[in-house]
Each structure stands twice: as structure tokens, then as C-alpha cells.
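The chain contents come next:
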Amino acid sequence: MQFLRSLLFKSPIIFAAALAVLGPRAAHSEARLLIEADTGKVLEAENATVPWYPASLSKLMTAYVTLEAVKEGRITLDTLLTVSPLAASQSPSKMGLRPGTRLTVDNALKMMLVKSANDMAVVLAEGVGGSIDGFSAMMNQTAHQLGMTQTSYVNPNGLPADGQITSARDMAILARSFIKNLPEYEYYVHIPAIRFGKRVTQNFNKLIGRYPGADGFKTGFICASGYNLVASATHDGRRLIAVVLGASSGTMRAVRAAQLLDRGFANNALSWLRPSLGTVDQLQPVDESPPNLHDEVCSGKHHHAPSDEDDALTASATTQGSSSATGDGSNAVFLSSALQAPLAKPTDWLSAPPEPSEPIVVYTGPTRTGAALVAAVAADSASQAAPAKHGKGKRSHAAAKKKPDAAAEPKAADASTKPEARPAAVRHAAAKPKPATSADASAAKPAKPNKPKTAAKPKPKSTDAKPAG
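Numbering of residues starts from 1 in each chain and follows the order in which that chain's sequence is written. Owing to the predicted nature of the model, reporting of local features is limited to residues with pLDDT of at least 70; listing and counting of side-chain atom pairs is limited to 80 or more, with chain, interface and lining totals taken over all residues. For the side-chain quantities, the full set of heavy atoms in the structure was used; hydrogens and water were omitted.

## Describing helix H8 (residues 168-181)
An α-helical turn contains 3.6 residues, so any two residues separated by three or four positions project in the same direction. Quick note on the threshold: A run of H or I in DSSP becomes a helix once it reaches four residues, and a run of E becomes a strand once it reaches two; helices and strands are each numbered from the N terminus. Multiplying 1.5 Å by the helix residue count minus one yields the expected span of that helix. Each residue is placed in one exposure class: buried if its accessible area under a 1.4 Å probe, protein chains only, is under 20% of its type's maximum, exposed if it is over 50%, and partly exposed if it falls in between. Here, residues are in contact when the closest pair of their heavy atoms is within 4.5 Å.
An ideal rise of 1.5 Å per residue puts 20 Å on 14 residues; H8 measures up with 20 Å between its terminal C-alpha atoms. Burial analysis of H8 places eleven of its 14 residues in the buried class, the great majority of the element. When we look at burial in H8, the residues that qualify are Ala168, Arg169, Asp170, Met171, Ala172, Ile173, Leu174, Ala175, Ser177, Phe178 and Ile179. Buried residues in H8 make contact with strand E1 (31-36), helix H3 (58-71), helix H7 (132-146), strand E7 (214-222), strand E8 (226-235) and strand E9 (238-247).

## Examining the pattern of salt bridges
Here is the rule we go by: What counts as a salt bridge is simple: a side-chain nitrogen of Lys or Arg found within 4 Å of a carboxyl oxygen of Asp or Glu.
Inspection of the entire model under this criterion finds ten salt bridges. Between glutamate 72 and arginine 74 there is a salt bridge, and its shortest N-O distance comes to 2.9 Å. You can call arginine 74 partly exposed: its relative accessible area is 45%. Overlapping salt bridges, with partners in common, bring together Glu30, Arg32 and Arg256 in one network.

## Quick notes on empty space enclosed by the protein
With a probe scaled to a water molecule rolled over the atoms, the places where space remains empty come into view. Threshold: Buried and open spaces are told apart on a 1 Å grid over the protein atoms alone, a cavity being a set of points where a 1.4 Å probe fits but cannot get out and a pocket being an open set with protein on both sides within 12 Å along at least five of seven lines. Residues with an atom within 4 Å of a point are the lining residues. Grid points are joined across faces, edges and corners, and a volume is the space filled by probe spheres set on the points. Amino acid classes used here: Ala, Val, Leu, Ile, Met, Phe, Trp, Tyr, Cys and Pro are nonpolar; Asp, Glu, Lys and Arg are charged; the rest, including Gly, are polar.
Applying the stated criterion to the full structure yields two cavities of 30 Å³ or more. As a volume, the second largest cavity reaches approximately 30 Å³. Lining the second largest cavity are Met95, Lys115, Ile194, Phe196, Arg199 and Thr201. Of the residues belonging to the lining of the second largest cavity, the class tally is three nonpolar, one polar and two charged.

## Digging into the packing of helix H5 (residues 105-115) against helix H6 (residues 118-129)
Our working definition: The axes are straight lines fitted to the C-alpha atoms, using for helices just the contacting stretch, and the angles between their N-to-C directions are given from 0 to 180°. By definition, turning the near helix anticlockwise from the far helix through less than a right angle yields a left-handed crossing, and turning it clockwise yields a right-handed one.
Two elements in contact, H5 and H6, have axes separated by 8 Å at closest approach and are oriented at 145°. As for how H5 packs across H6, the hand of that crossing is left-handed. Each of Val105, Ala108, Leu109, Met111 and Met112 in H5 lies in contact with H6, whose residues at this interface are Met120, Ala121 and Leu124. Classifying every residue of the contact of H5 with H6 by side-chain character gives eight nonpolar, no polar and no charged.

## Quick look at the state of the cysteines
As a reminder of what qualifies: In what follows, a disulfide is any cysteine sulfur pair within 2.5 Å.
Summed over all chains, the structure comprises one disulfide. What pairs with cysteine 223 in a disulfide is cysteine 298, and their sulfur atoms sit 2.2 Å apart. On the sign convention where negative means left-handed, the S-S torsion of about -95° between cysteine 223 and cysteine 298 marks this disulfide as left-handed. Remark: cysteine 298 occurs in helix H10 (residues 294-298) and cysteine 223 occurs in the loop between E7 and E8; sequence separation between them is 75 residues. Exposure class is identical for cysteine 223 and cysteine 298. Each is buried.

## Some thoughts on the confidence of the model for the protein
Note the cut-off: Per residue, pLDDT measures the predictor's confidence, with a range of 0 to 100.
Taken as a whole, the protein shows an average pLDDT of 76; of its residues, 64% reach a score of 70 or greater. In this model, residues 1-28 is a region of pLDDT below 50 whose contacts with residues beyond four sequence positions or in other chains number 17 contacts. Under a pLDDT of 50 for its full length, residues 311-343 has, in the predicted model, 76 contacts with residues more than four places off or in other chains.

## Description of the pairing of E9
Going by this rule: Strands pair, by our definition, only if DSSP identifies at least two bridges between them.
Counting buried residues in E9 gives ten out of ten residues, a clear majority hidden from the surface. Pairing between E1 and E9: six bridges, direction antiparallel. Opposite arginine 32, over in E9, you have valine 244 as the bridge partner. Across eight bridges, E8 lies against E9 in antiparallel orientation. Its bridge partner being in E9, tyrosine 227 is matched across the sheet by alanine 247. Linking E8 to E9, which pair antiparallel, is a turn of two residues; within it aspartate 236 sits at a positive phi near 50°.

## Some remarks on the pairing of E8
With eight of its ten residues buried, E8 lies for the most part within the structure. With eight bridges joining them, E7 and E8 adopt antiparallel strand pairing. Bridged to isoleucine 222 within E8 is glycine 226. Linking E7 back to E8 in an antiparallel pair, the connection comprises three residues.

## What to know about the sheet that holds strand E6 (residues 199-202)
Pairing within the open sheet is mixed, and its three strands lie in the order E6-E5-E10. Across the chains shown, the open sheet's two edge strands, defined by having one partner strand only, are E6 and strand E10 (360-362). Direction aside, the axes of adjacent strands within the sheet are offset by 30° on average. Where strand E5 (residues 193-196) lies against E6, four bridges are found, and the strand directions are antiparallel.

## Focus: the packing of aromatic side chains
Think of a pair of aromatic rings as described by two things: how far the centres are apart, and how the planes are tilted against each other in angle. For clarity, the cut-off: Pairing of aromatic side chains here covers Phe, Tyr and the six-membered ring of Trp, requires ring centres within 6.5 Å, and sorts the geometry by plane angle: under 30 degrees stacked, over 60 edge-to-face, intermediate tilted.
All told, the structure shown has four aromatic pairs when counted by the stated rule. Consider the rings of tyrosine 187 and tyrosine 188, whose centres lie 5.4 Å apart with planes at 65°: the pair is edge-to-face. Note on tyrosine 187: relative accessible area 30%, which makes it partly exposed. Taking the relative accessible area as the measure of exposure, tyrosine 188 reaches 4% and is therefore buried. Between the aromatic rings of phenylalanine 221 and tyrosine 227, the centroid separation amounts to 4.0 Å while the plane-to-plane angle is 25°, which identifies the pairing as stacked. Per residue, the accessibility class of phenylalanine 221 equals that of tyrosine 227, and both read buried. Taken together, the ring pairs connect Tyr64, Phe178 and Phe217 into an aromatic cluster.

## Description of the packing of H3 against H8
Operational definition: For classification purposes, an angle smaller than 35 degrees is called roughly parallel, one larger than 145 roughly antiparallel, one from 65 to 115 roughly perpendicular, and anything else oblique.
H8 packs onto H3 with a crossing angle of 25° between their chain directions and a minimal axis gap of 11 Å. Compared by their axis directions, H3 and H8 come out roughly parallel. Handedness of the H3/H8 crossing: left-handed. Counting all contacts with H3, which are made through Leu60, Met61, Ala63, Tyr64, Leu67 and Lys71, the residues of H8 involved are Leu174, Ser177, Phe178 and Asn181. Looking at the contact of H3 with H8 residue by residue, the class counts come to seven nonpolar, two polar and one charged.

Below is the structure:
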């Protein structure tokens, strides 16, 4: 013991590592997991097998089942799907397309995975499985086949529902299966941004376009789950998968994932210091109820609607420094972390805008290319502007004068999304447009109110007069 005390006194680094080994573990309301994509080897794990609400991480399985159907030839990426009233009625985040609108599997996937659109998840579910119940059964069957023993799906989008459960372990298994079984479709899980008409939506995964080597996967949020993220990155041919469940904000989940990835890549040379935690499928499930973080995440002034769109970007969320509790095998991780140079602060890159990239054009209607695609994008843009124009036309001039800001809002929104879609943005072969339907055309050009022509004669006045009632 005296030798140990002397050694710790002489070496602050070893002293810090020893405190990590001997000190008590703090309680946390997060689950975290880091694995190697190729081998499934677990590098870090904390609460990795505690049941959790998946939220929009459910859409990863929706994409997996859909793309598996494409790979097997049951549908194609060009198959047209129809927005049902049920799909249109889903809560945000969503595209907001009207019932009866048609679009391809390809575009529905892009909208679902980048914007986390709940309506598009239902469109895909009904198109592939016939109904939400039928598709959920397909999701559960696939989960069983992949070894996701803690996962149960009730709907395709992850909106709150009894029985919609997963774990960090199972999410890592799904992400790894996506990489292994559907490599030709990985493109869908790392699209930086999409453009629909005049609207540009950035991927809610803040690592995409910011963290070096980031190449997937999906975010999720409901009040009960907190902010979830499955992320992957590749350095020097080595790919890691990080899972964070229950973070306090959209920024914090990105920070936590980046810290996991940083340690995973930096500790590669010191892997001999860590005891083996086995592979991800060997992690033993915990028999507990999932934690409900509603009061912690969505209470009081921090209330959030159950939408992955709400990132809760606050300065306080960008806490510096790596998390010290890394769960199973964390003692060895502490020791190896103490022996390496400090890692870069996540906010050094997180606060910066993503790398410039042309948003992928998405659209309604069948697959189009070239001039037809440009025309379809223009039609979608016109249909987005139509409701504002139509509402303005119905107002009296007096009402318009009372609310000048209302007329200015659409212009401000348009300015924020410029530059406009150009043929350069349409180069992507996977981007496909919408045919201009008669309904869209009528919506795009609201009728102007009839005005009487010059009343040269007073007698025909009764023919132009409108009923008083």
C-alpha cells in the first residue's frame, strides 16, 4: 500500500487513473455504447442493455425493412406510393404533404431519414407492409432475425406508443447490420441536406459534415426518451459505431457521440490496456422498465414537442470535457485516456456550419430527370407558395394593413432558403421530381376576386351587385 501511495504521489496521471478505478460510479440518465463496425467488438458500454424508448431511431428499421424489400425485388426505388389520410395526420416532424400526393420510395426515404418525417415513415409502411400493423410485424420479425432481443416496434416512426422499446445494444446491432447487409444503400443514412421546393432541411445528425469521417446514421427524440443518436465514423479504414440515448439536447447527443468516437479512435494503440468486453451481441440484457425522461427533458420552460426537429441548442448544452463514466470496462478506459493527449473540444467543430454541399433534391411525383426534374421542382415550389397567396387574397385590405408582418413572413422564409434550386442541384441521379397536377396548378394560381368593369351605364348595376347576405 505504501508503494502505491508513493507511486500515486509521484505521478498525478496514474493518480487520476487510480481514482477512476477505485472511485464510485456516478448515476447517469444516459445510455452509451461504442463498438467496432467490422468485428462488433465493444469498446465502451454504459447502460447499454437498459431498455429505452427509441423515438425516431425506429425509422432506421423502417428504412432497413424498406430497402431489404428493394434489394429482394419486391419493390423498386421508383415505385410510387400515395400519402394516405393517416400518413398526413401524423404529428411533426413531417413533410406535410396532402392526402393523395404521390411520391417515389426513393424520395420518401430521403425525406424520412434527413427530416425525420413521421408522415413519410407511414407512407413507406403502408406501401411496403399494407398497413402500420402489417409493417410493424415485418419490423419485429427483422429485429428478431438480426438478434435484437430487446426491441419491439408498434409503429414505423417512433412516436410515443406502448410497447415501442429498444436498447443501445440493439441499435448498434441494427446499424452494424445496415452496414454489413445493405452497403449499396448506405448513402441514405449520411445525406447532409435535402431541398424540397424552396425549403432546405439539414440533417439533424450534427456530426454529418462536421465531425471528420462521419458517415451515418440517425437521430431521435421524444420527451420520454430524451435525445438519441446512432452515429458512425471512419478513420484510416476503421469504422466505429456510437450510440447515445437520453441526452439532454440535440447538441449534447452530438457531443457525447463525438467523445465516444474520439476515445475509440485515440485508444486504438492502447487497446491492450482495456479488458475485453466481448462483442455487442454478447451484452446481457437488463430486466428493467425504460426510464421516462419526460420531466427531466420537457418540463417547465424546457418544454419540447415530441419532434426530432427541436434541437434545444443552448450554450449550456455544449459542456466541455469528456464524460468520465463510460460504464462496463470504464476503469481501463479511464487509465488509457489518462495516458493520452487531451482530445479536441467537440464545440470546436460543432459550432461551425457543416461543410458546404449541394442539398439533395427531393420532390413529389414519379421519377424525373433533366428538364422534367427542374419543372417538377418548380411545381413543388409553387405549391408551397400557394397557401400564403391564397390566404392573402381572402383578406380585406383593412386586415392586410393591420398585419403587415404576415405578408412579409413568406418572403423572409424564402430568403432564408436561397439560393434557389438550380440544375446543378439536380445532378444527383437519385433525386426525382413531381408532375404538376391539375390540383397543384389550381392551388398555385389562386383566382383573383371579380371586379366590376367600368360602369358606363347605371341600369345594369343590378347584374353586378352581390347579394347583401
